[in-house]
Amino acid sequence: MKISYKWLKDLLTFDVSAEEVSRYLTNCGLEVEGIENAEMVRGGLKGLVVGEVLTCEAHPNSDHLHVTTVNVGGEEPLHIVCGAANVAAGQKVIVATIGTTLYNGDESFTIKKSKLRGEPSEGMICAEDEIGLGSSHDGIMVLDADAVPGTPASDYFHMESDTIFEIGLTPNRCDAICHAGVARDLYAALVQDGRSCSPLILPNVPEVKPIAHVKLRVDVSVENTKGCPRYSGLLFDNVKVADSPEWLQNKLRSVGVRPINNVVDITQFIMLELGQPMHAFDADKIKGNKVIVKNLPEGTPFVTLDGNEVKLSKDDLMICNAEDGMCIAGVYGGLHSGITNETTRLFLESAYFNPVSIRKTAKRHGLKTDASFRYERGCDPSITVYALKRAAALVQELTGASIISELVDIYPHRIEPAQITLKYDQVNKVAGKVIDKPIISKILSMLGMEVQSSGDEQLLVRVPLSKADVTRPIDLIEEILRIYGYNNIEIPDTLFYKMPTAKNENPAYQMQMTISTYLADNGFFEVMNNSLTKSEYAETFDFIDANASVKLLNPLSNELNVMRQSLLFGGLENISRNVNNKNPNLRLFEFGKTYHYNTEAAPDADVTERYPEKEEFVMFVTGKEGEDSWNHKAADLDLFYLKNMVENVLMKINFPMQKLKLTIDDDRRMFSDHLTYNFGDERVVSMGQLSLAVLKKFDLKKPVYYAEFNLPAVRNVAAEQAVKYHVIATYPAVKRDLALVVDKDVTYDTLEKIGMKYGSKLVKQISLFDVYEGDKIEAGKKSYAMNFVLQNPEKTLTDEEINKTMNKLIAAYEREAGAKLR
């Protein structure tokens, strides 16, 4: 947003340089991203001076050129060859001296010493179009006789320059979308810093008095009061559309706005000064003499001011006449209702539109205008009438128009300013220092807020409607501190630090850190993805319920239009991006929430019931364990690697592994191989190799293995497990092997559980070291080679005890799994 230094000085009286103003604005939250000099004429007429033509003779080698000598205030006159037919001795003219740059649109050229047809030329006598002061090229400019040779042209023409601040306005600062809003902040910042500055006083506006004989009447009605809480308007006659006066054109040009005509320029001026967008209608084009604020049916065609046709949404607020739409409210005017040079009657609109409605409409049609920029941030509903009166005074002054109607102001449901109770202790706690109570009250008052009552501990503040973002005590504190100055808050000499302990740490956070640290130590990288994702995923894959998607009312794009229901897709996007950048070996994990819409919840149910959030933890592996080297080939990451890491994570957090049940799941919508861990009836972990259909969506060619934890269930079970200390056994452990032939459908997990169940207290560990299927055993069978670790913590095991235990195990395997020794 562009702000003019001179315009600020019109609103305030202060003696501070533009560079200092830039610093004050940045410090109070209006960051100045750039400063530039604005010139009313490109180049600022630099190098151009007043000259006096001393002699003028015909060029000896040309029938249309003249050889002149010109006094430009130097020691010697300049010899200049001129081709203008109207050049004559005794004239006062504008001369471009050697080194001067002249501009013609986007092109430029520099005056150099040269020879024209054999005669030297040391400059150029200029026409008005050559220096940007007009469009005529009929001849050179001839100045008044009292012009003094050598006077810079910029002084002679009283050329003004200005300093323009480019402010990076944040979306919440709806109060600073105009010069008056910025001036209010600047005034408060200057006074707080002890600088002299007059308070912001807006011009007085006369009361609207229509002439006695009304020739035209326009009836105004608002059908959609939610979209348009306030609508004000005024009717004029005898309007003379013409160019604006120089002062108004210069104001607009200084901030990058192109002047159009006096009527349109007035609406632009009011918007830039007060932040209130306005729209001017040709009253003779208002069919049926009615202005109706309403919505039109879905798909209604509408031709905008630039001649493009758009199809309206039923949610687009429109300014209509008795037959059709005239303007997309707060966004863009229509082709057939705007002001032209033939306009004589004018209807001027000043309204407050719902910011959400304007933002959606502007985004829907891709129309970003100065008006929508302000409306969608939230204009001041209390200023519509003042702005209309201010504009009316200018319309009467600059167009000679007469007011022929009473001022229309439809405001059925008055918007009341917020009242906020602010405790001084809150301010001091956030600031980190004690700020004097009078200073707090003074800052709030300088920012246009009304301190209605104050006591020893708190004050009651009435917030103006221009500050729509100030709704809570913390917002008031932010307003106070940005004017008080963050640089005025000292850094304390003492640093306080509280050591975290297991007693005061959040158990959930403790568990997350334990898992994160373990995985990071084992080559995994943590990722954190956006909670927003695309609805296309839920629509493509049937393992995600599209009806349960939480949709955004005003999405930034179709790529981010719903809340995520799974952490899967964000991780696959990470993998796809890395693979495309030649980084195929990945081990990733993520903690995060997923968001769901409960289709079975009642409409009046609590929001947490209608939109439940779930905590999840996921792991991804793909590629190889590392890079190949000359003497080592890295192993591929596979489902067994992932399964091992999943089990290690569970053991790391003291999960009761012996109570887990591993099953092969038949659901192949997400996985091509699908395993689940269940604790009782509750699923704890789902994992497997992702299906080709899922990988194809992300253009992934190599297998990706994925594990998804039900984090609340894991956390609840793990929290119930008491950590017990056992003395490390001092007696040796003994290892024995068994090779068992079982049916193909018997899993190793089944055998392991049988071994731990019937191995009494002596079996400490069981591991698998070989699986065989082939012609050396019966068809439909397979062989598991298992290793058993036996140990008694109180004594050394005897052969008799060992054999007794192993025989007991063999009998259990024969009985429970139909196993035979191989």
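Throughout what follows, the structure given in this document is the object of discussion. Small disclaimer: the values here were computed from a predicted structure and weren't measured.

1. Overview of helix H11 (residues 437–446)
Here's step 1: Turning to H11, its buried residues number three or more, namely Ile 440, Ser 441, Ile 443, Leu 444 and Met 446.
Here's step 2: On its buried side, H11 packs onto helix H4 (179–192), helix H10 (424–431), strand S26 (450–454), strand S27 (458–462) and helix H12 (473–484).

2. As for the side chain of Lys 782
Here's step 1: In this fold, Lys 782 is placed in strand S39 (residues 781–790).
Here's step 2: Glu 773 provides the closest opposite charge to the buried, salt-bridge-free Lys 782, at an N-O distance of 5.1 Å.
Here's step 3: At 2.8 Å, the side chain of Lys 782 forms a polar contact with the side chain of Tyr 784.
Here's step 4: Residues in contact with Lys 782, not counting those within four places in the same chain, are Leu 740, Val 741, Val 742, Asp 743, Lys 744, Val 746, Tyr 772, Glu 773 and Ile 777.

3. Points about the sheet that holds strand S1 (residues 2–4)
Here's step 1: Ordered in space as S1-S12-S2, the three strands form an open sheet in which the pairing is antiparallel. Each having just a single partner strand, S1 and strand S2 (32–39) make up the two edges of the open sheet. On average, each strand axis in the sheet is inclined to that of its neighbour by 30°, with strand direction left out of account.
Here's step 2: Here S2 runs beside strand S12 (residues 161–167); their pairing, made up of seven bridges, is antiparallel. Bridge pairing in S12 links Val 32 to Ile 167.
Here's step 3: Helix H2 (residues 18–27) rests against S2 and S12 of the sheet, and its axis sits at about 20° to S12.

4. A look at the environment of Val 95
Here's step 1: Position of Val 95 among the secondary structure elements: in strand S6 (residues 92–97).
Here's step 2: You can call Val 95 buried: its relative accessible area is 0%.
Here's step 3: Spatially, the C-alpha atoms of Val 95 and Lys 582 are 64 Å apart, while their sequence positions differ by 487 residues.
Here's step 4: Residues in contact with Val 95, not counting those within four places in the same chain, are Gly 47, Leu 48, Val 49, Gly 51, Val 70, Val 72, Ile 80, Met 124 and Ile 125.

5. Quick word on the environment of Val 741
Here's step 1: Take Val 741: it is sitting in strand S37 (residues 734–743).
Here's step 2: Judged by relative accessible area, which is 15%, Val 741 ranks as buried.
Here's step 3: With 37 residues separating them along the chain, Val 741 and Glu 778 place their C-alpha atoms 8.9 Å apart.
Here's step 4: Those residues in contact with Val 741 that sit more than four places away from it in its chain are Ile 777, Lys 781, Lys 782, Ser 783, Gly 818, Ala 819, Lys 820 and Arg 822.

6. A look at the sheet that holds strand S28 (residues 525–526)
Here's step 1: Here seven strands make up an open sheet; going across it, the order is S28-S31-S32-S36-S35-S34-S33 and the pairing mixed. On the outer flanks of this sheet lie S28 and strand S33 (660–664), each paired with one strand and no other.

7. Some thoughts on the pattern of salt bridges
Here's step 1: What the rule picks out here adds up to 42 salt bridges.
Here's step 2: Here Lys 251 ties to Asp 10 by a salt bridge, and the two come within 2.2 Å at their closest N and O atoms. Here Lys 251, found in helix H5 (residues 246–254), pairs with Asp 10, found in helix H1 (residues 5–11); they are 241 residues apart in sequence, far enough to count as distant.
Here's step 3: A salt bridge links Arg 364 to Asp 316, with the shortest nitrogen-to-oxygen separation between them at 2.3 Å. With Arg 364 in helix H7 (residues 355–365) and Asp 316 in the loop between strand S18 (309–311) and strand S19 (317–320), this residue pair connects regions lying 48 residues apart in the sequence.
Here's step 4: Residue classification places Arg 364 among the partly exposed positions, given a relative accessible area of 37%.

8. Observations regarding unusual backbone geometry
Negative phi characterises most residues that are not glycine, and trans characterises most peptide bonds.
Here's step 1: The residue Arg 117 is not glycine, and still its phi comes out positive at about 55°.
Here's step 2: By the secondary structure assignment, Arg 117 is in the loop between strand S9 (114–116) and strand S10 (119–121).
Here's step 3: Assessed through its relative accessible area of 48%, Arg 117 is described here as partly exposed.
Here's step 4: Of note in this structure, Asn 654 is not a glycine but carries a positive phi near 70°.

9. Regarding the side chain of Ser 357
Here's step 1: With respect to the secondary-structure elements, Ser 357 resides in helix H7.
Here's step 2: A relative accessible area of 16% means that Ser 357 is categorised as buried.
Here's step 3: Once residues lying within four places of it in the same chain are set aside, the contact partners of Ser 357 are Asp 315 and Leu 317.

10. Re the nonpolar core
Here's step 1: One finds Phe 165, Tyr 231, Phe 236 and Ile 319 to be the most contacted residues of the largest nonpolar core, which totals 125 residues.
Here's step 2: Counting residues per element, this core draws most heavily on H4, at nine residues.
Here's step 3: When neighbours within four sequence positions are excluded, Phe 236 is seen to be in contact with Thr 344, Arg 345, Leu 346, Leu 348, Ala 392, Val 395, Ala 401, Ser 402, Ile 403 and Ile 404.
Here's step 4: Judged by nonpolar contacts, the second largest core, of 34 residues, contains Val 646, Leu 675, Leu 711 and Val 714.

11. Section: the pairing of S37
Here's step 1: Pairing of S37 with S39, which is carried by 10 bridges, proceeds in the antiparallel orientation. Paired with Val 741 across the bridge in S39 is Ser 783.
Here's step 2: Judged from the two bridges that link them, S37 and strand S40 (residues 820–821) form a sheet pairing that is antiparallel. Bridging across to S40, Leu 740 finds its partner in Leu 821.

12. Thoughts on the packing of aromatic side chains
For any pair of aromatic rings, the description consists of the separation of the ring centres together with the inter-plane angle of the planes.
Here's step 1: Taken as a whole, this structure holds 23 aromatic pairs when the rule is applied.
Here's step 2: Ring centres 5.4 Å apart and planes at 40° place the aromatic pair Tyr 597 and Tyr 611 in the tilted group. Here Tyr 597 is found in the loop between strand S31 (586–595) and helix H16 (607–610), whereas its partner Tyr 611 is found in the loop between H16 and strand S32 (613–622), with 14 residues between them in sequence.
Here's step 3: Exposure remark for Tyr 611: the relative accessible area of 34% places this residue in the partly exposed category.
Here's step 4: An aromatic cluster is present here, built from Tyr 537, Phe 541, Phe 543, Phe 569 and Phe 698 joined pairwise through their rings.
Here's step 5: Across from the ring centre of Tyr 24, 4.8 Å away, lies the NZ or CZ of Arg 23, which sits over that ring.
Here's step 6: Stacked on the ring of Tyr 758, the Lys or Arg Arg 815 has its end atom at 5.2 Å from the ring centre.

13. Side note on helix H6 (residues 262–274)
Here's step 1: Here H6 contains 13 residues, and its C-alpha end-to-end distance of 18 Å stays within 8% of the 18 Å for a straight helix at 1.5 Å per residue.
Here's step 2: Burial within H6 is extensive, with 12 of its 13 residues counted as buried.
Here's step 3: Those residues of H6 that fall on the buried side of the exposure criterion are Asn 262, Val 263, Asp 265, Ile 266, Thr 267, Gln 268, Phe 269, Ile 270, Met 271, Leu 272, Glu 273 and Leu 274.
Here's step 4: Its side-chain oxygen at 3.1 Å from the backbone nitrogen of Val 263, Asn 261 defines the N-terminal cap of H6.
Here's step 5: Directly after H6, the chain includes Gly 275, whose backbone phi takes a positive value near 85°.

The rules we used
- Residues numbered from 1 in each chain as written.
- Predicted model: local features only at pLDDT ≥ 70, side-chain atom pairs only at ≥ 80, totals over all residues.
- Heavy atoms only, no water.
- Buried < 20%, exposed > 50% of the residue type's maximum accessible area, 1.4 Å probe, protein only.
- Helix = DSSP H or I, 4+ residues; strand = E, 2+ residues; numbered from the N terminus.
- Contact = heavy atoms within 4.5 Å.
- Lys, Arg positive; Asp, Glu negative; His and termini not counted.
- Salt bridge = Lys/Arg side-chain N within 4 Å of Asp/Glu carboxyl O.
- Polar contact = N/O pair within 3.5 Å; in protein donor to acceptor, adjacent residues only side chain to side chain.
- Pairing = 2+ DSSP bridges.
- Axes fitted to C-alpha atoms, helices over the stretch in contact; angles between N-to-C directions.
- Core = buried A, V, L, I, M, F, W, Y, C linked by side-chain atoms within 4.5 Å.
- Phe/Tyr/Trp six-rings, centres within 6.5 Å; stacked < 30°, edge-to-face > 60°.
- Lys NZ or Arg CZ within 6 Å of the ring centre and 35° of its normal.
- Expected span 1.5 Å × (residues − 1).

Remember, this is a structural readout, not a statement about activity or role.
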